Amino acid sequence: QVQLVESGGGLVQPGGSLRLSCATSESIFRFNTMGWYRQAPGKERELVADISTLGSTNYADSVKGRFTISRDYAKNTVYLQMNSLKPEDTAVYHCNARRNRYTNYWGQGTHVTVSS
């Protein structure tokens, strides 16, 4: 069973930064895409950013220019650098690893709260 473990969430003031990490129990070479999703209270889960094995990235419009997704193959870890955080970024952030359209793995999530 693939395990994804997120870390790096917390409380931050508006305008601040956080870096989320997602460590996998398997080599990230084995996943076509890895990404970050978030779910705010009362809202559906939404894609924040993802990165393919070829290195192409995809971002939600609401985070473009503020968030950056990256990966470290040696550490089997994917990161989400979040800058210029806004209160509307408050959510539980989940790591996702996708082998194909039928096979997805999820982490348990890490809480991000942006508040003064």
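Located above this text is the structure these notes cover.
Here is a short report on the structure shown in this document. (Residues numbered from 1 in each chain as written. Predicted model: local features only at pLDDT ≥ 70, side-chain atom pairs only at ≥ 80, totals over all residues. Heavy atoms only, no water.)

### What about empty space enclosed by the protein?
To locate leftover empty space, one rolls a probe as large as a water molecule over the atoms. One pass over the structure, following the stated rule, counts one cavity of 30 Å³ or more. There is about 60 Å³ of room inside the largest cavity. Lining the largest cavity, in full, are Ile28, Phe31, Asn32, Thr33, Met34, Ile51, Ser52, Thr53, Arg71, Tyr73 and Val78. If you list the elements that add at least two residues to the lining of the largest cavity, you get strand 4 (33-39) and strand 5 (46-52). (1 Å grid on protein atoms, 1.4 Å probe; cavity = no way out; pocket = protein on both sides within 12 Å on 5 of 7 lines; lining within 4 Å. Points joined across faces, edges and corners; volume = space filled by probe spheres on them. Helix = DSSP H or I, 4+ residues; strand = E, 2+ residues; numbered from the N terminus.)

### Points about the sheet that holds strand 3 (residues 18-24)
Read from one edge to the other, the open sheet built from four strands follows the order 1-3-8-7, with strand pairing classed as antiparallel. The two strands at the open ends of the sheet, each matched to only one other strand, are strand 1 (4-7) and strand 7 (67-72). Mean inter-strand twist for the sheet, computed between neighbouring axes without regard to direction, equals 15°. Sheet topology places strand 1 next to strand 3; four bridges connect them, and they run antiparallel. From the neighbouring strand, Val5 faces strand 3, where its bridge partner is Ala23. (Pairing = 2+ DSSP bridges. Axes fitted to C-alpha atoms, helices over the stretch in contact; angles between N-to-C directions.)

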